[in-house]
Amino acid sequence: MDFRFTDDQLTLAESVRDYLAGTHGPEVLRRLDAEGNRDPAIWQGLTEMGLTGLLVPEEHGGLGLGLVEAALIAAECGRACLAEPLVDTAFVAVPWLVRNGDLADLGAIAAGERQMPLPHVLNPWVADGEGSALESVDPLRNLVMFPAAGSADPYLLDLGALMSAAQLVGLADAMLHQAVEYAKIRTQFGQPVGAFQALKHQLASCAVAVEFAKPAVWRAAEALQDGGESASVHVSHAKVAASDAAVLTAETAIQVHGAMGYTYEVDLHFWMKRSWALNGAWGDRAWHLKRIDQAVIGGTMPIGPEHTFA
Amino acid sequence: MKLGFSAEEELFRQECAEWLQGQMAGEFRDIKGISTLTAKAERRKEWEQQLAAHKWSCIGWPSEWGGRDATLAQQVIFAEEYARAGVPGRVNHIGIELAGPTILAFGTEEQKQRFLPGIAAGQTIFCQGFSEPGAGSDLASVRTKGRLENGEWVVNGQKIWTSLAHISDWIFVVTRTEEGSKGPKGLTFLMMELDQPGIEVRGIKQINGDAEFNETFFTDARCAADSMIGGVGEGWKIAMGLLAFERGVSTLGQQMAFRNELDEIIAAAKETGAARNPLIRQRIAKAEIGLRLMRYGALRMLSNTDHSKIDGAALTYKIQWATWRRSLGELAMDVLGQAGELAEGADYEWPVLSNLFLYSRADTIYGGTNQIQRNLIAERGLGLPREPRGDA
Ligand SMILES: Cc1cc2nc3c(=O)[nH]c(=O)nc-3n(C[C@H](O)[C@H](O)[C@H](O)COP(=O)(O)OP(=O)(O)OC[C@H]3O[C@@H](n4cnc5c(N)ncnc54)[C@H](O)[C@@H]3O)c2cc1C
């Protein structure tokens, strides 16, 4: 029993973090927002990092890694507020196609030639599908409504919810960081506003929510990878915890910035709006809470003294 | 990440479960399921000795001192089976989890030999003398005085909130030994025998009717010069080292107890019909999530083998569980409705869930209040500017 990542996993996540920090800062988000949202060079870069093929089996030209690695990287995508449909294509669609034995497109996906956001009955709007884009609260999301209803497969939903949760913890981390840095430099009444407990304690509460949401996400990734029967409930734990953490942190971070937090000028709103969008995607909080309450109270999940609860 | 247990570990689980359940069905069935800290104290001291006789009293300690050198996974398993079997809390948990590890880390060889066998054997029950009437959150402002006189420490002053002092044998106290010193400087950490004329213990009644904690008065109380852990003036360092042990493996056993509490609430909700109420269902689902988060957070904290480094998980753990449990108490009351307001006996004796509601009000206070935890998280974790510090 060990809750640590391997060195390989940590190195992979760090290299993605560094790459995105170096190439995909807030100035890129602003440029994309002004210039039509997508830049093929970004996708090219992600492909060259091997990320489009992260979950594609090696014989189809990918790296053949698992959902834990994918979740770690999805969190990095959230931290960088990456708008390209990497997570939807490479971490949601790919494992679903592999599970269904539908292998035809995997090579093209790994090579970065194909993007494949998938709709689900619970989630009929998807980013970067074909068709004319709707205006989303998240300005960098090219949302389209799929003409035909999507799949109703719970595994697809679980993948989407898990990877949204992973992005949400990364988003929350980034927003907390922005708010803390601002609280250290903005002074009022002769001291940094971060010295006021009223702010400090709210930021600490965000830190608690974020720190505790993370392992729930890793646990869910591990459960979904293993395919155990309670995997769906683990995914719901992760989705609710990560949504709660990101929404709390978004609200707090804006408040900490004062009027600056209400401006387009401050970067924060990109992260806040992505959080808003992902909070409702792949089953909102009410939906996942219901799935948990059915499992716990409805008896589909074994509880009671004869069971452990790893 | 490796989240399951190995076959060997499962065998160990079986061994723990069989022994503990056997005890709770046999010789010690009269203490099974007790939820207050003080009930049947004498029997629970015998239970400490029974644990020791079968080498279960301190399995995480080194084997040369009566432990089993148990791995983290084994300690987790034992703690889980302990709670699952309905064994009541350890009356010597302060000795086993705080005093012992502190002596192991900072004591001299002679002190280890003097104290550890008694603690391991369940013969020496310890309590913790940190807080004073004027020094709660601001622990460094303690005023209880210690002075060396003819090869003995002589102590004068008062401690308060001393849990289980009335059934303990020894107390460790943080004393101010440097005249005129302030804050964390000039403090010394002493071990004192309670049964002596200079120490008086008076119970304090709590909101749940129990009297787990006490006032402890020191009037020319004495202990030998070498009953000091660390050096003169090093009391703060030792006290902080001791508090770091509080985040030990017992937290995982504590979670199994929490699991039992939540399961009991779910069962009650089904019985009273509250489980049909969507608001209650949602709160139960949230409680379930909170419990899971705690579980993973604790495993993550304990998986970090570098215990000198306080990581995000360790820093946030106390406030998370305390706040969770306090709302669990509120949920229990809403599930039970007015029936939860009725005591079981004439002497203010509470059923488990009502006691949970009352007792859990203390969870966000002892061991560092929620406010103090948030200060620590903000300052040490997030690097925000520091609070004013008393006289330090
Ligand atoms: C059940 C129980 C068992 C206990 N057992 C023991 C024991 O065995 N041994 C022992 O030594 N002690 C024990 N304690 C004492 C415990 O450690 C203290 O209660 C705790 O440290 C808080 O101190 P206080 O009660 O004096 O509160 P205070 O420090 O007086 O705090 C009062 C209020 O002010 C807030 N506050 C204080 N400082 C700040 C700040 N800087 N910023 C923001 N808010 C602040 C607090 O959060 C709290 O809400 C026990 C307490 C309880 C409830």
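Draft legend 1. Seen up close, the interface of chain A and chain B. Chain A puts 48 residues into the contact, and the matching count from chain B is 55 residues. With both chains or domains summed, chain A and chain B bury close to 4900 Å², and 69% of this area falls on carbon and sulfur atoms. Viewed at the interface, chain B and chain A are joined by eleven residue pairs in polar contact (both at pLDDT 80 or more). Elements that contribute at least two residues to the side of chain A that touches chain B include exactly helix 7 (154-185), helix 8 (197-226), helix 9 (231-256) and helix 11 (285-297) of chain A. In terms of residue class, the side of chain A that touches chain B is made up of 28 nonpolar, eleven polar and nine charged.

Draft legend 2. Fine view of the domain arrangement of chain A. All names here are of chain A. The domain boundaries assigned to chain A delineate domain 1 (7-117) and domain 2 (155-307). Each of domain 1 and domain 2 was reduced to a C-alpha centroid, and the two centroids are 21 Å apart. At the interface, 25 residues of domain 1 touch 25 residues of domain 2. Together, the buried faces of domain 1 and domain 2 total about 2300 Å²; carbon and sulfur atoms form 68% of this surface. If you sort the residues of domain 1 by the area they bury against domain 2, R30, L67 and R79 come out on top, with a joint share of 26%. Our count for the contact surface shared by domain 1 and domain 2 stands at two salt bridges. Breaking the side of domain 1 that touches domain 2 down by element, the ones donating at least two residues are helix 2 (26-35), helix 4 (67-79) and helix 5 (86-99). The element that contributes the greatest number of residues to the side of domain 1 that touches domain 2 is helix 4, accounting for nine residues. Across the side of domain 1 that touches domain 2, the residue classes tally to 18 nonpolar, two polar and five charged.

Draft legend 3. Broad picture of a nonpolar patch on the surface. Residues and elements named next belong to chain A. Residues W125, L134 and M145 make up a contiguous nonpolar surface patch of about 310 Å² in total accessible area. With respect to the helices, strands and loops of the structure, L134 is situated in the loop between strand 1 (125-127) and strand 2 (143-145). The class for L134 is partly exposed, based on a relative accessible area of 39%.

Draft legend 4. Expanded view of the nonpolar core. Judged by nonpolar contacts, the single largest core of 168 residues is most densely connected at L86(A), F91(A), M163(A), L203(A), V217(A), L20(B) and W47(B). Each residue touching L203(A), except ones within four places of it in the same chain, is listed here: L176(A), A179(A), V180(A), A183(A), T252(A), V256(A), L382(B) and L384(B). Counting residues in hydrophobic clusters, the runner-up holds 27 residues, among them I119(B), F126(B), V142(B) and F189(B).

Draft legend 5. Region of the structure containing the domain arrangement of chain B. Residue and element names in this part refer to chain B. Annotation of chain B at the domain level lists domain 1 (7-91), domain 2 (126-233) and domain 3 (247-381). The straight-line distance from the C-alpha centre of domain 1 to that of domain 3 is 22 Å. Taken together, the contact pairs ten residues of domain 1 with twelve residues of domain 3. Taking both sides of the interface into account, the surface hidden between domain 1 and domain 3 amounts to around 900 Å²; carbon and sulfur atoms contribute 67%. Three residues, L72, E80 and A83, lead the burial of domain 1 against domain 3; their summed loss comes to 45% of the area buried on that side. If you look at where domain 1 meets domain 3, you find one salt bridge. Between E80 and R295 there is a salt bridge, with its nearest N and O atoms 2.3 Å apart. In this assembly, domain 1 and domain 3 are joined by two residue pairs in polar contact (both at pLDDT 80 or more). Looking at side-chain class alone, the side of domain 1 that touches domain 3 contains five nonpolar, three polar and two charged residues.

Draft legend 6. Layout of the confidence of the model for chain B. Scored by pLDDT, chain B comes out at a mean of 91, with 96% of its residues at no less than 70. For this predicted complex, the interface score ipTM comes out at 0.85, while the overall pTM is 0.90.

Draft legend 7. Focus on the site of the ligand. Around the ligand there are 19 residues in total, and Q197(A), S131(B), S137(B), W161(B) and T369(B) lie nearest to it. More than one chain reaches the ligand: its neighbouring residues belong to chains A and B. In this structure, a nitrogen atom belonging to the ligand sits 2.7 Å away from a side-chain N or O atom of Q197(A). The separation between an oxygen atom of the ligand and a polar main-chain atom of F130(B) is 3.0 Å. In the complex, 68% of the free accessible area of the ligand, which totals 970 Å², lies under the protein chains. Take the shell around the ligand: its biggest share by element is three residues, from helix 11 (residues 370-381) of chain B. Looking at side-chain class alone, the shell around the ligand contains seven nonpolar, eleven polar and one charged residues. When residues of the shell around the ligand are assigned to domains, at least three fall in each of domain 2 (126-233) and domain 3 (247-381) of chain B.

Draft legend 8. Representation of the packing of helix 4 of chain A against helix 8 of chain A in the model. Residues and elements named next belong to chain A. Remark: helix 4 packs on helix 8, axes separated minimally by 8 Å, with the N-to-C direction vectors making an angle of 145°. Helix 8 is crossed by helix 4, and the crossing has right-handed handedness. Contact residues: L67, V68, A71, L72 and A75 in helix 4; W218, A221, E222, L224 and Q225 in helix 8. Residue composition of the contact of helix 4 with helix 8, grouped by class: eight nonpolar, one polar and one charged.

Draft legend 9. Structural view of the confidence of the model for chain A. All names here are of chain A. Averaged over all residues, the pLDDT of chain A is 92; the fraction at 70 or higher stands at 96%. Helix 4 holds the highest mean pLDDT among the elements of chain A, 98, whereas strand 1 holds the lowest, 83. Scored below 50 in pLDDT, residues 303-307 makes ten contacts in the model with residues more than four places away or belonging to other chains.

Draft legend 10. Main features of the pairing of strand 1 (residues 126-129) of chain B. Residues and elements named next belong to chain B. Taking every second residue as pointing to the same face, both faces of strand 1 are buried, with F126 and Q128 on one and C127 and G129 on the other. Of the strand pairs in this sheet, strand 1 and strand 4 (residues 170-176) are connected by four bridges, and their pairing is parallel. Among the inter-strand pairings, G129 is bridged to a residue of strand 4, identified as V173.

Draft legend 11. Just the side chain of N279(A), in detail. Residue and element names in this part refer to chain A. Turning to its location among the elements, N279 is positioned in helix 10 (residues 268-280). The class for N279 is buried, based on a relative accessible area of 14%. Within polar-contact distance, the side chain of N279 engages the side chain of R285 at 3.4 Å. If we skip the residues at most four places from it in the chain, N279 touches L168, K239, S243, V247, D284 and R285.

Draft legend 12. Fine view of unusual backbone geometry. Residue and element names in this part refer to chain B. A positive phi angle, close to 60°, is found at K55, a residue other than glycine. By the element assignment, K55 lies in the loop between helix 2 (41-53) and helix 3 (72-84). If you check the backbone angles, Y348 has positive phi at about 55° while not being a glycine. Structurally, the position occupied by Y348 is in the loop between helix 9 (312-336) and helix 10 (352-363). A relative accessible area of 45% places Y348 in the partly exposed class.

So, how was this worked out
Residues numbered from 1 in each chain as written. Chains lettered and ligands numbered in written order. Predicted model: local features only at pLDDT ≥ 70, side-chain atom pairs only at ≥ 80, totals over all residues. Heavy atoms only, no water. Contact = heavy atoms within 4.5 Å. Buried area = accessible area lost by both parts, 1.4 Å probe. Polar contact = N/O pair within 3.5 Å; in protein donor to acceptor, adjacent residues only side chain to side chain. Helix = DSSP H or I, 4+ residues; strand = E, 2+ residues; numbered from the N terminus. Nonpolar A, V, L, I, M, F, W, Y, C, P; charged D, E, K, R; others polar. Domains from an automatic or database assignment. Salt bridge = Lys/Arg side-chain N within 4 Å of Asp/Glu carboxyl O. Patch = residues over 30% accessible without salt bridge, like charges linked within 9 Å, V, L, I, M, F, W, Y side chains within 5 Å. Areas by Shrake-Rupley, 256 points an atom, 1.4 Å probe, with all protein chains shown as cover. Buried < 20%, exposed > 50% of the residue type's maximum accessible area, 1.4 Å probe, protein only. Core = buried A, V, L, I, M, F, W, Y, C linked by side-chain atoms within 4.5 Å. pLDDT = per-residue confidence, 0-100. Near = heavy atom within 4 Å. Axes fitted to C-alpha atoms, helices over the stretch in contact; angles between N-to-C directions. Left-handed = near helix turned anticlockwise from the far one by under 90°. Pairing = 2+ DSSP bridges.

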